[in-house]
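Understanding the architecture of this molecule
For reference, the chains in residue letters:
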Amino acid sequence: MSSYQELSTRLAAAGQSQLLRFWSQLTAAQQEHLTAQLDAIDFDEMQRLIADYVLQKPRTAIPGDLGPAPYFPLTPRDAAQVELYARAEAEGERLLRAGKVSCLTVAGGQGTRLGFDGPKGTYPIAPVSGKSLFQYFAESIIRAGEKYGTRFTWYIMTSLLNREATERFFVEHHYFGLEPEQVVFFTQGTMPAIGYDGKLLLAAPDSLSLSPDGHGGTLLALRKSGALARMAREGVEILSYFQVDNPLVPVVNPRFIGLHALEHSQMSAIMLDKTGPFEKLGNFCLSGGRLQIIEYSDLPAELAESRNPDGSLRFIAGSPAIHLLSRSFVESLTAGGSLKLPWHRADKKVPYLDEAGKLVTPEAPNAVKLESFIFDALPLAERTMVMEGEREKMFAPTKNPTGVDSVESCRAMLLARDAAWLEAAGVKIPRTADGRPAAEIEISPRLAIDAADVAAAVKRLGAPVVRAGERLVFHG
Ligand code: UTP
């Protein structure tokens, strides 16, 4: 641990002496706390980041050869693809049964848009039962384990800010039926908030203002936490990656996993047809033969709006942030304990201590937070694979309380999917004039996680009678 003298010299050279402003008022423990935070920062690198990302607004360079990325379509194109998909499904199932797959959920975000007090995963999302996002995933993982005759390990990435609350939630709820050793929490790294003048901000006299370093932090955190080593010990080769705010996602997807393996992909992705040129999804693109995702805000309008001769969008493929990662890929990316992904700048209102030690809550953005994104690992892979998914069965992000990508839209999608599964299994679902289910129904993921499960459950238990206006949970 550095001495005061060392810190003072280092910070003066970096133009960050303000961070020691309250040093003389700190207790020994507080001084130690601040020193540990400062020692974790490479100030040479920080100065470069400040010059590149804070004092100027970085622009994402759009390569001249940028084109849309190829993908495996939902409906097979020809007989060869029919055969390939059948082989992929068999291979995916084999890998699942052989215990080669674990689940990985990123849950370290701050969920600012949702405005919910607590980790986002603890939000009561299920439309009828009010099960939390974490419970919904946990039960899906248990059911998937039964289905494939294995016990999946579930890696959950938290941040320093929500780790304790997340773990407590699992303990209080007895891991929702999972064995405690099936759940592995790990913590992502942090980045300091930087004021527009290039100075790092203090959140308290003994603490920088730190925030999670983005879901790109997953890769290094997997190594540093020992998660990669555990996967290797358990013979796990593939991580099924999804976000904590999307309860519609299948926790494991045999066709996706099988294609990943058959294509020798290192990192794979699900794509969805965008609803329009400017839908707020990353765009799958190809440049120099490498797959990359360009954020919706960075794709120039003329590209976003360009069309094929048949009128369809050229850049039709949007990313719902559903991936597969090969363990060996994450191992090679993070070999040596470091990984450089590009940073993305976000302008935020960050509370800070002023010169007098008073906490100021700004009314306009005053600082930059830097985050890295997991999809920036795609161009680092030699081999990648993109597969089309069905939006109604895979993607219901819970970003806002109401409106687009909200609690409301997510619940409506969960309900619509469950109603469709029940109908396909022969259950009569009353519908409104405009075709929506006229009852509030929910299938417990503990009972069924796909159409085949629902059909089997209905056969076993008999078809339930669903009346208009009812609120029902099918849990067997
Ligand atoms: P979002 O980018 O939607 O961020 O994260 P968020 O924190 O959930 O919500 P806002 O933007 O503050 O409203 C997408 C996924 O990535 C995870 C989130 O938990 C979510 O599952 N994430 C995000 C992390 O795990 N760590 C991060 O640093 C950022």
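Refer to the preceding data block for the structure.
Notes on the structure in this doc start here. (Residues numbered from 1 in each chain as written. Predicted model: local features only at pLDDT ≥ 70, side-chain atom pairs only at ≥ 80, totals over all residues. Heavy atoms only, no water.)

**Here we look at the overall build of the chain**
Counting its regular elements, the chain contains 14 helices and 22 strands. In terms of overall dimensions, the chain is globule-like: its C-alpha atoms have a radius of gyration of 24 Å, near the 23 Å expected for 476 residues. Principal-axis analysis of the C-alpha atoms places the extent of the chain at approximately 75 × 50 × 50 Å. Scored against the burial criterion, the 476 residues of the chain give a buried share of 52%. In the chain, once contacts between residues fewer than 6 apart in sequence are set aside, the share between residues at least 24 apart is 75%. (Helix = DSSP H or I, 4+ residues; strand = E, 2+ residues; numbered from the N terminus. Rg over C-alpha atoms; globule rule 2.2 N^0.38 Å. Buried < 20%, exposed > 50% of the residue type's maximum accessible area, 1.4 Å probe, protein only. Contact = heavy atoms within 4.5 Å.)

**Things to note about the nonpolar core**
Among the nonpolar cores identified, the biggest contains 55 residues, and Phe-134, Trp-154, Phe-170 and Val-252 are the most heavily contacted of them. When neighbours within four sequence positions are excluded, Phe-170 is seen to be in contact with Phe-134, Trp-154, Ile-156, Tyr-175, Phe-176, Val-183 and Phe-185. Judged by nonpolar contacts, the second largest core, of 39 residues, contains Tyr-155, Met-157, Phe-373 and Ala-377. (Core = buried A, V, L, I, M, F, W, Y, C linked by side-chain atoms within 4.5 Å.)

**Topic: the environment of Gln-30**
Along the chain, the position of Gln-30 falls in helix α2 (residues 28–39). Given the relative accessible area of 29%, Gln-30 is considered partly exposed. The sequence separation of Gln-30 and Gly-276 amounts to 246 residues, and the corresponding C-alpha distance is 52 Å. Contacts of Gln-30, omitting those with residues within four sequence positions, involve Gln-25 and Asp-206. A distance of 2.9 Å separates the side chain of Gln-30 from the backbone nitrogen of Thr-27, its partner in a polar contact. (Polar contact = N/O pair within 3.5 Å; in protein donor to acceptor, adjacent residues only side chain to side chain.)

**Overview of the site of the ligand**
As a structural note, the neighbourhood of the ligand is formed by 17 residues, with Val-106, Gln-110, Thr-112, Gln-188 and Lys-399 the closest of them. With respect to the ligand, the side chain of Thr-112 contributes an N or O atom lying 2.4 Å from an oxygen atom. Notes on the ligand: free accessible area 560 Å², of which the protein chains cover 88%. Across the shell around the ligand, the residue classes break down as five nonpolar, nine polar and three charged. (Near = heavy atom within 4 Å. Areas by Shrake-Rupley, 256 points an atom, 1.4 Å probe, with all protein chains shown as cover. Nonpolar A, V, L, I, M, F, W, Y, C, P; charged D, E, K, R; others polar.)

**As for the sheet that holds strand β19 (residues 367–371)**
The three strands are arranged β6-β19-β16 in an open sheet whose pairing can be described as antiparallel. In this open sheet, the two edge strands, each paired with only one partner strand, are β6 (194–195) and β16 (344–348). (Pairing = 2+ DSSP bridges.)

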